[in-house]
Number of protein chains: 2
Amino acid sequence: MESEQVTGAKEIPDIVVGRLPIYLRALQRMMEEGRRLTSSQELGERLGISAAQIRKDLSQFGEFGKQGTGYSIEFLAEQILHILQVNQVWEMVVVGAGDIGSAIARYQGFANRGFRVIKLFDSDPQKIGQEVGPFTIHNASELEDTIRQAGIKVAMIATPSASAQGVADRLVSAGVKAILNYAPISLNVPEDVQVQYIDPVIHLQRMTYYL
Amino acid sequence: MESEQVTGAKEIPDIVVGRLPIYLRALQRMMEEGRRLTSSQELGERLGISAAQIRKDLSQFGEFGKQGTGYSIEFLAEQILHILQVNQVWEMVVVGAGDIGSAIARYQGFANRGFRVIKLFDSDPQKIGQEVGPFTIHNASELEDTIRQAGIKVAMIATPSASAQGVADRLVSAGVKAILNYAPISLNVPEDVQVQYIDPVIHLQRMTYYL
């Protein structure tokens, strides 16, 4: 699955990789607006990142823009899609069908951005079999089979904190390599598994420091 | 509202401030487990951050631990609560009562971590007046009055992308200084207003790079 641009990928600082999805989102919005060309200055103003930083980040992956004429939005977006490997659709499972899990399973924002939720799981007998939008809540006991059969690599955890590590262990044992964790707890996973966290309180507390 | 520890706060790199809520969450979990003492090594192992980094981060704010005996969990947690100004409860409003907005309004994880949602707003006449858990959905036209009367400084946006900037402008004009934005779009706000973003796709794309 690796390509020319991704050669030497491990050398690129994670913080730069972390900004690429933000650039991609801005570029896709410009495309929706019918735009064709942009510049590091304009991207910088939209995103609150310096133009120099953007040029430096993008130059790590290749020569995308031309001095004076700026970047072709569509070309640059395609390159970043390719670098991030989201020029394909990753099927995902969601574990935990509470408020948050049900909301993210139905989230409209995954479409056209490289992801699709295929199944929603819970271990609560009261919830199993119920409908959540287009999803039926499946018994969490079927988790490993589903992941193995569908070759799932990406999962979201939206269980209570007390269950999250156990769910993560099961996901990893079945072959999941990337976990987005909504439970407010740090997970221990093997080195070859990626974890990202979404905990609104972490973001809120980071802001109140400055108030 | 500034305290001794916070003197010179603007000198502390934002990336360090961003780790403090993660340390706090781990410390609070240890307290729930009935623990009294910890070390930078143990915190590091739980969080996947080096012990040296943790010692360096915490030393920026004062002398919290003793060589050889480690950190008092309760004392360190109290200090971080104080530094982040979450030794008080910040009242918040949520704008947008769709799946995500309704889920975050009801989120149990704010309790004891410095935040409380007091009102949920939407502009859709079909939704106004409906109940979402303990909340009644209020007309978004009342937004500014509520914020001014209650002295609200913190808000969450969970509207469609197209409405988010307009809502942000209204929040800021009414006195909000910290916005947690769930709409997948970058917001323009004055320099004295903090914005943080929650967009699951940004986190997912950051992981697929490594798969």
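Residues numbered from 1 in each chain as written. Chains lettered and ligands numbered in written order. Predicted model: local features only at pLDDT ≥ 70, side-chain atom pairs only at ≥ 80, totals over all residues. Heavy atoms only, no water.

Overview of the confidence of the model for chain A
Residue and element names in this part refer to chain A.
Right, on to step 1. Scored by pLDDT, chain A has a mean of 90; 92% of the residues are at 70 or more.
Right, on to step 2. Note that pLDDT drops below 50 for residues 1-10; the model gives that stretch 11 contacts with residues more than four away or on any other chain.
Right, on to step 3. Interface confidence for the predicted complex, expressed as ipTM, amounts to 0.91; the pTM equals 0.87. (pLDDT = per-residue confidence, 0-100. Contact = heavy atoms within 4.5 Å.)

Regarding helix α5 (residues 99-106) of chain A
Right, on to step 1. Along α5 of chain A, the residues classified as buried are Gly101, Ser102, Ala103, Ile104 and Ala105 of chain A.
Right, on to step 2. Contacts made by the buried residues of α5 of chain A are with β3 (90-95), β4 (115-122), β5 (131-132), β6 (135-139) and β7 (154-157) of chain A together with α5 (99-106) of chain B. (Buried < 20%, exposed > 50% of the residue type's maximum accessible area, 1.4 Å probe, protein only. Helix = DSSP H or I, 4+ residues; strand = E, 2+ residues; numbered from the N terminus.)

Some details on the nonpolar core
Right, on to step 1. Counting residues in hydrophobic clusters, the biggest one holds 102 residues, and the most contacted among them are Ile80, Phe110 and Met156 of chain A together with Ile80, Phe110 and Met156 of chain B.
Right, on to step 2. Aside from chain neighbours lying at most four places away, what touches isoleucine 80 of chain B is Leu20, Tyr23, Leu24, Leu27 and Leu58 of chain B. (Core = buried A, V, L, I, M, F, W, Y, C linked by side-chain atoms within 4.5 Å.)

Let's talk about unusual backbone geometry
Peptide bonds are, in most cases, trans, and in most cases residues other than glycine have a negative phi.
Residues and elements named next belong to chain A.
Right, on to step 1. Not every positive phi belongs to a glycine, and glutamine 85 is a case in point at roughly 65°.
Right, on to step 2. With respect to the helices and strands, the residue glutamine 85 is situated in the loop between α4 (73-83) and β3.
Right, on to step 3. Here glutamine 85 falls in the buried class, since its relative accessible area comes to 6%.

A word on the interface of chain A and chain B
Right, on to step 1. Residue-level contacts link 61 residues of chain A with 61 residues of chain B.
Right, on to step 2. A per-residue breakdown of the area chain A buries against chain B is headed by Tyr209, Tyr210 and Leu211 of chain A, which together make up 13% of the total.
Right, on to step 3. At the junction of chain A and chain B, the tally comes to 8 salt bridges.
Right, on to step 4. As a salt-bridge pair, arginine 25 of chain A and aspartate 199 of chain B come within 2.7 Å of each other at their nearest N and O atoms.
Right, on to step 5. At the surface where chain A touches chain B, the tally comes to 26 residue pairs in polar contact (both at pLDDT 80 or more).
Right, on to step 6. Elements supplying a minimum of two residues to the side of chain A that touches chain B: α1 (14-32), α2 (40-47), β3, α5, β8 (178-181), β9 (194-197) and α8 (200-208) of chain A.
Right, on to step 7. Residues of the side of chain A that touches chain B, tallied by class, amount to 37 nonpolar, 11 polar and 13 charged. (Buried area = accessible area lost by both parts, 1.4 Å probe. Salt bridge = Lys/Arg side-chain N within 4 Å of Asp/Glu carboxyl O. Polar contact = N/O pair within 3.5 Å; in protein donor to acceptor, adjacent residues only side chain to side chain. Nonpolar A, V, L, I, M, F, W, Y, C, P; charged D, E, K, R; others polar.)

Quick word on the environment of leucine 171 of chain B
Residues and elements named next belong to chain B.
Right, on to step 1. Along the chain, leucine 171 falls in helix α7 (residues 161-174).
Right, on to step 2. Here the alpha-carbon distance between leucine 171 and leucine 143, two residues 28 residues apart in the chain, equals 7.7 Å.
Right, on to step 3. Not counting residues within four places of it along the chain, the set of residues in contact with leucine 171 comprises Val93, Val95, Leu143, Ile147, Ala155, Ile157, Val176 and Ile179.

Looking at α8 of chain A
Right, on to step 1. Of all 9 residues in α8 of chain A, 8 are buried, a share of seventy percent or more.
Right, on to step 2. Along α8 of chain A, the residues classified as buried are Pro200, Val201, Ile202, His203, Leu204, Gln205, Met207 and Thr208 of chain A.

Notes on the layout of surface pockets
The gaps left among the atoms become clear once a water-sized probe is rolled over them.
Right, on to step 1. Estimates place the volume of the second largest pocket at around 770 Å³.
Right, on to step 2. Together, 33 residues line the second largest pocket, and Thr159, Pro160, Ser161 and Pro184 of chain A together with Tyr107 of chain B are the ones closest to its centre.
Right, on to step 3. Grouping the amino acids of the lining of the second largest pocket by side-chain chemistry returns 14 nonpolar, 10 polar and 9 charged. (1 Å grid on protein atoms, 1.4 Å probe; cavity = no way out; pocket = protein on both sides within 12 Å on 5 of 7 lines; lining within 4 Å. Points joined across faces, edges and corners; volume = space filled by probe spheres on them.)

Observations concerning empty space enclosed by the protein
Right, on to step 1. As enumerated under the stated definition, the model contains 1 cavity of 30 Å³ or more in all.
Right, on to step 2. There is about 140 Å³ of room inside the largest cavity.
Right, on to step 3. If you trace the largest cavity, you find 14 residues lining it, with Ile100, Ile104 and Tyr182 of chain A together with Ile100 and Tyr182 of chain B closest to the centre.
Right, on to step 4. Mapped by element, the contributors of at least two residues to the lining of the largest cavity are α5 of chain A together with α5 of chain B.
Right, on to step 5. When its residues are assigned to classes, the lining of the largest cavity shows 14 nonpolar, no polar and no charged.

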